[in-house]
Amino acid sequence: MKAVVLAAGQGTRIRPLSSSVPKPMLPVADRPLAAHTVDAAVDAGADEVILVIGYEAETVREYFGEEYRGVPISYAIQEEQAGTAHAVNAASEHLEGPFAVLNGDNLYDQDAIDELFSECPAICAIEVEDPRNYGVLSTTDGTVTDIVEKPDDPPTNLANAGAYAFPEEAIEWLDVPASERGEHEITDVVAQVIDQFAVSPVTLERWMDVGRPWELLEANEWKLGELEGDVAGEVSEDAHLEGAVVVEEGATVKPGVVIEGPALIRSGATVGPNAYVRGATLIDEGAKVGNAVEVKNSVLSRDATVGHLSYVGDSVLGRDVNFGAGTTVANLRHDGGSVKFTVKGDRVSTNRRKFGVVVGDDAKTGINTSLTPGLKLGTEATTSPGEVVERDR
Ligand code: TTP
């Protein structure tokens, strides 16, 4: 079966991290987010993967190339991000026979994706406490009977998890009219398939939709949690590694370092001397954690540097970020409430008691900068020495 992976979106909610790196290419453990989706399709037996690309398309194309893990990759360009059905329709000329559709910004449990492929026509669902923000499925006798978008009064707790196996006929049904919010939505294609075929619901045990910055952190918590320790890089005899710690070839861990896994130190990264890394932490390629720095449960993207005397907790640092000596991140509110974060102008709860900061590519902090919980620093933002930054910039 061919698999269409949607990776054309602009990722507006995850800005500034997506300002130059498209969301599907943001790091989740040892590979980009979308590679986890493509892996799921390949492991489920896809014989070709069609990546729908648009926003920063070349970055995606460069990573996956023409073949990935022995499976041919082709690309469909979606010039304008006009909706998920519109995105799949952009791939229609590559399609023949039954096909799967997966979101390139979702993490799925593999067993469910295997079942999705074998049960075609089928749709993945996840049980959630409050499904009012999802497409909600109704089922009778093991068949999906209805799908409603964001209902006020949900008929079930089964949320649409954005993974579908469609029959060949659906290729002709992709050109759906725009919905009320002006997008050509895959839900309308699903509704027609449900109408004409017996569609099996496949329940996911675990699933994640990465839309906002703290969800990228949570995606890393998931995938780093699956690591098995492996040291191929250079680790000083005077460093102490505990739990699942991966030090890739070409990475360096210097004397006096303590790392409590799960942690992944990627090729070209250096940690120490005298640094403390704990929680689920990714130190991506070329990133640097220097002397007397503590990093907890965070993502340091490619070539980010936290050079001296700093604390970074529950945070995501973009590429080439540089923290001046003594930069300290606060990740806990004194009232113990969930940390809030601004997404497209709205202040929303992260539902996390601990969350630090999100820093765009190339941002730089001055020495002794203090950063408050839930703060966002944009691409190339700067702070002055000694500043206490409480508002996004
Ligand atoms: P969304 O998460 O709804 O969109 P997005 O990824 O652009 O993020 P944001 O809402 O923050 O701007 O998209 C779901 C999936 O579908 C995701 O994998 C991106 C993909 N997609 C496309 O490929 N083309 C589109 O036109 C749309 C709307 C989404």
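Residues numbered from 1 in each chain as written. Predicted model: local features only at pLDDT ≥ 70, side-chain atom pairs only at ≥ 80, totals over all residues. Heavy atoms only, no water.

A short note on the UniProt feature "domain: Nucleotidyl transferase" (unreviewed entry) in the protein
No. 1: As recorded in UniProt, the sites labelled "domain: Nucleotidyl transferase" (unreviewed entry) are residues 2-221.
No. 2: Counted over residues 2-221, helix gives 25% and strand 31%. Its end C-alpha atoms are 30 Å apart. (UniProt positions renumbered as here; feature names shortened; annotations may be inferred. Helix = DSSP H or I, 4+ residues; strand = E, 2+ residues; numbered from the N terminus.)

Some thoughts on the side chain of Gln78
No. 1: On the secondary structure map, Gln78 appears in the loop between strand E6 (71-77) and helix H3 (84-90).
No. 2: Judged by its relative accessible area of 3%, Gln78 is buried.
No. 3: A distance of 2.8 Å separates the side chain of Gln78 from the side chain of His86, its partner in a polar contact.
No. 4: Contacts of Gln78, omitting those with residues within four sequence positions, involve Ala8, Val52, Ile53, Gly54, Gly83, His86, Ala87 and Ala90. (Buried < 20%, exposed > 50% of the residue type's maximum accessible area, 1.4 Å probe, protein only. Polar contact = N/O pair within 3.5 Å; in protein donor to acceptor, adjacent residues only side chain to side chain. Contact = heavy atoms within 4.5 Å.)

Section: the nonpolar core
No. 1: Among the nonpolar cores identified, the biggest contains 69 residues, and Val38, Val49, Leu51, Phe64, Ile113, Leu116 and Phe117 are the most heavily contacted of them.
No. 2: For this core, the element with the highest residue contribution is helix H1 (residues 33-43), accounting for 7 residues.
No. 3: The residue makeup of this core includes at least three contributed by each of domain 1 (2-211) and domain 2 (223-389).
No. 4: Residue contacts for Phe117: discarding those within four places in its chain leaves Met1, Ala3, Ala41, Ala44, Ala46 and Ala100.
No. 5: Core analysis: the second largest hydrophobic core is formed by 34 residues, Ile259, Ile283, Val329 and Val357 among them. (Core = buried A, V, L, I, M, F, W, Y, C linked by side-chain atoms within 4.5 Å. Domains from an automatic or database assignment.)

Structural notes on the site of the ligand
No. 1: Taken together, 19 residues are adjacent to the ligand, and Gln10, Thr12, Arg13, Gln78 and Gly83 come closest.
No. 2: In this structure, an oxygen atom belonging to the ligand sits 3.0 Å away from a main-chain N or O atom of Leu6.
No. 3: In this structure, an oxygen atom belonging to the ligand sits 3.0 Å away from a side-chain N or O atom of Lys23.
No. 4: About the coverage of the ligand: the protein hides 84% of its 570 Å² of free accessible area.
No. 5: Within the residue set of the shell around the ligand, elements represented by two or more residues are strand E1 (2-7) and H3.
No. 6: In the shell around the ligand, the residues fall into 5 nonpolar, 10 polar and 4 charged. (Near = heavy atom within 4 Å. Areas by Shrake-Rupley, 256 points an atom, 1.4 Å probe, with all protein chains shown as cover. Nonpolar A, V, L, I, M, F, W, Y, C, P; charged D, E, K, R; others polar.)

A closer look at the packing of aromatic side chains
No. 1: In total, this model carries 9 aromatic pairs according to the counting rule given.
No. 2: Judged by centre distance (6.3 Å) and plane angle (55°), the rings of Trp173 and Phe197 are tilted. Highlighted residues: Trp173 in the loop between strand E12 (158-166) and helix H5 (186-196) and Phe197 in the loop between H5 and strand E13 (200-203), separated in sequence by 24 residues.
No. 3: We classify Phe197 as partly exposed; its relative accessible area is 26%.
No. 4: Taken together, a centroid distance of 5.9 Å and an interplanar angle of 70° make the contact between Trp214 and Phe341 edge-to-face. Taken together, the residues Trp214 in helix H6 (residues 213-224) and Phe341 in strand E33 (residues 340-343) connect sequence positions 127 residues apart. Grouping residues by exposure puts Trp214 and Phe341 together as buried.
No. 5: One aromatic cluster is present, formed by Tyr63, Phe64 and Tyr68 through successive ring pairs. (Phe/Tyr/Trp six-rings, centres within 6.5 Å; stacked < 30°, edge-to-face > 60°.)

A closer look at the sheet that holds strand E18 (residues 245-247)
No. 1: Spatially, the 8 strands line up as an open sheet ordered E15-E18-E21-E24-E27-E30-E35-E38, and their pairing is parallel. Strands with a single pairing partner mark the edges of an open sheet, and in this sheet they are strand E15 (230-231) and strand E38 (375-377).
No. 2: Inspection of the sheet shows strand E21 (residues 263-265) paired to strand E24 (residues 281-283) by 3 bridges, in the parallel sense. Within E24, the residue paired with Leu264 across the bridge is Leu282. (Pairing = 2+ DSSP bridges.)

Quick look at H1
No. 1: With respect to burial, H1 is a largely interior element, 10 of its 11 residues being buried.
No. 2: Two residues or fewer after H1 comes Gly45, characterised by a positive phi angle close to 105°.

Remarks on the pairing of E1
No. 1: Judged by how many residues are buried, E1 sits mostly within the fold: 6 of 6 residues are covered.
No. 2: Here E1 runs beside strand E7 (residues 99-103); their pairing, made up of 5 bridges, is parallel. From the neighbouring strand, Val5 faces E7, where its bridge partner is Leu102.
No. 3: The pairing of E1 with strand E4 (residues 48-53) spans 6 bridges and is classified as parallel. Residue pairing in the sheet places Leu6 in a bridge with Val52 of E4.

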